[in-house]
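Here is how the chains run, residue by residue.
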Amino acid sequence: MAGIRRDSKGRDRVLIKDQRYQWSMWLGIFLILFCALFILKAGFDGRFHSVDTLQEYIRSFGLIGPLILIAIQAFQVVIPVLPGFLGCIVGVVLFGTAGGFWCNYIGISLGSLIAFILARRFGAPLVESLFPQKNYQVWIKRIQSAKSYTLILFLCILLPLAPDDFLCYFSGLMKLSFRKFTWIILLGKPWCILAYSILAAKIG
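- Identification of the protein chain as TVP38/TMEM64 family membrane protein from [Clostridium] asparagiforme DSM 15981 is taken from an unreviewed UniProt entry.
- Quoted verbatim from the Subcellular location (unreviewed entry) field of UniProt, the annotation for the protein chain is "Cell membrane".

**A look at the overall build of the protein chain**
1) Next: Counting secondary structure elements, the protein chain contains 9 helices and 0 strands.
2) Next: In the protein chain, the succession of α and β elements from N to C terminus is α-α-α-α-α-α-α-α-α.
3) Next: Across the 204 residues in the protein chain, those meeting the buried criterion constitute 35%.
4) Next: The contacts of the protein chain with a sequence gap of at least 6 include a subset with a gap of at least 24, amounting to 71%.
5) Next: Accessible surface computed for the protein chain: about 12,600 Å², of which carbon and sulfur atoms make up 68%.

**Looking at the nonpolar core**
1) Next: Of all hydrophobic cores here, the largest spans 23 residues; its most connected members are Leu-153, Phe-166 and Phe-181.
2) Next: Sorting elements by how many residues they give to this core places helix α8 (residues 164-171) first, with 5 residues.
3) Next: Apart from residues lying up to four places away in sequence, Phe-181 is in contact with Ser-112, Leu-113, Phe-116, Leu-153, Cys-168, Ser-171 and Leu-176.
4) Next: Tyr-57, Ile-58, Leu-69 and Cys-103 belong to the second-largest nonpolar core, a separate cluster that totals 14 residues.

**Structural notes on helix α9 (residues 178-203)**
1) Next: Between its first and last C-alpha atoms α9 spans 37 Å; for 26 residues at 1.5 Å apiece the expected length is 38 Å, and the two agree.
2) Next: Maximum bend of α9: about 30°, positioned at Lys-189, with proline Pro-190 one to four residues after it.
3) Next: Where α9 is concerned, the buried positions are Phe-181, Thr-182, Ile-184, Ile-185, Gly-188, Lys-189, Pro-190, Cys-192, Ile-193, Ser-197 and Ala-200.

**A short note on the environment of Phe-131**
1) Next: Here Phe-131 lies in the loop between α5 (124-130) and α6 (133-145).
2) Next: A residue is classified by how much of its surface remains accessible, and Phe-131, at 13% relative accessible area, is buried.
3) Next: In this structure the C-alpha to C-alpha distance between Phe-131 and Tyr-169, which are 38 residues apart in sequence, comes to 9.7 Å.
4) Next: In this structure Phe-131 touches Asp-165, Phe-166 and Tyr-169, once residues within four positions along its chain are discounted.

**Let's talk about the packing of aromatic side chains**
1) Next: Within this structure, the stated rule accounts for 8 aromatic pairs.
2) Next: When the ring of Tyr-57 is compared with that of Phe-61, the centres are 5.1 Å apart and the planes differ by 85°; the resulting orientation is edge-to-face.
3) Next: A relative accessible area of 8% places Tyr-57 in the buried class.
4) Next: Pairing Phe-101 with Tyr-105 gives two aromatic rings, centres 5.6 Å apart and planes at 10°, and the pair type is stacked. Pair noted here: Phe-101 and Tyr-105 are both in helix α4 (residues 84-122), with a separation of 4 residues, about one helical turn.

**Observations concerning the confidence of the model for the protein chain**
1) Next: The predicted model of the protein chain averages 79 in pLDDT, with 78% of residues at 70 or higher.
2) Next: Counted against residues more than four places away or in other chains, residues 1-6, with its pLDDT under 50, gives 0 contacts.

What counts, and where the lines are drawn
Residues numbered from 1 in each chain as written. Predicted model: local features only at pLDDT ≥ 70, side-chain atom pairs only at ≥ 80, totals over all residues. Heavy atoms only, no water. UniProt positions renumbered as here; feature names shortened; annotations may be inferred. Helix = DSSP H or I, 4+ residues; strand = E, 2+ residues; numbered from the N terminus. Buried < 20%, exposed > 50% of the residue type's maximum accessible area, 1.4 Å probe, protein only. Contact = heavy atoms within 4.5 Å. Areas by Shrake-Rupley, 256 points an atom, 1.4 Å probe, with all protein chains shown as cover. Core = buried A, V, L, I, M, F, W, Y, C linked by side-chain atoms within 4.5 Å. Expected span 1.5 Å × (residues − 1). Bend = angle between axes of the 7 residues up to and from the residue. Phe/Tyr/Trp six-rings, centres within 6.5 Å; stacked < 30°, edge-to-face > 60°. pLDDT = per-residue confidence, 0-100.

Right, dumping it as structure tokens:
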């Protein structure tokens, strides 16, 4: 009887864990959709047309301005609504080189992880619907001829002008663990953002 009780308790714990996971997943989806609608509205209102309009928009939120910049930078990876470097410039202007760097680094990294998760969850049809078929086929050919996709991905994340947004989605389709992808983003992403931040500070 004792064994049966332990088995029942074990099943209950698994059920509770599954329920918590489902609630967390739906809460995450709701928050992403809410932020998406919020940012899309700002885009349609012309808030992202230039450095000046984006700067004015973020400044209007006062103390939570850094959080708004983080959300915008995360969202622009998931759905490109503005060039990433635009947010990098505005971050430096509003919050200084260090403050702007951290806002952009956190936001872009979060967006990269979200893109990976979405691609892993919904598969190739989602990626093909978001990006030109030509991009998809080009990278398929490169991967087939390459010895290590991990190395290619790290170098592309590390260097500027690579199609980072597409690669974050594309990586979700590959046999690449979420943990390894996370480390590639955390280690490779800051250097390009730091370069943009320093350049923006000198220009400003």
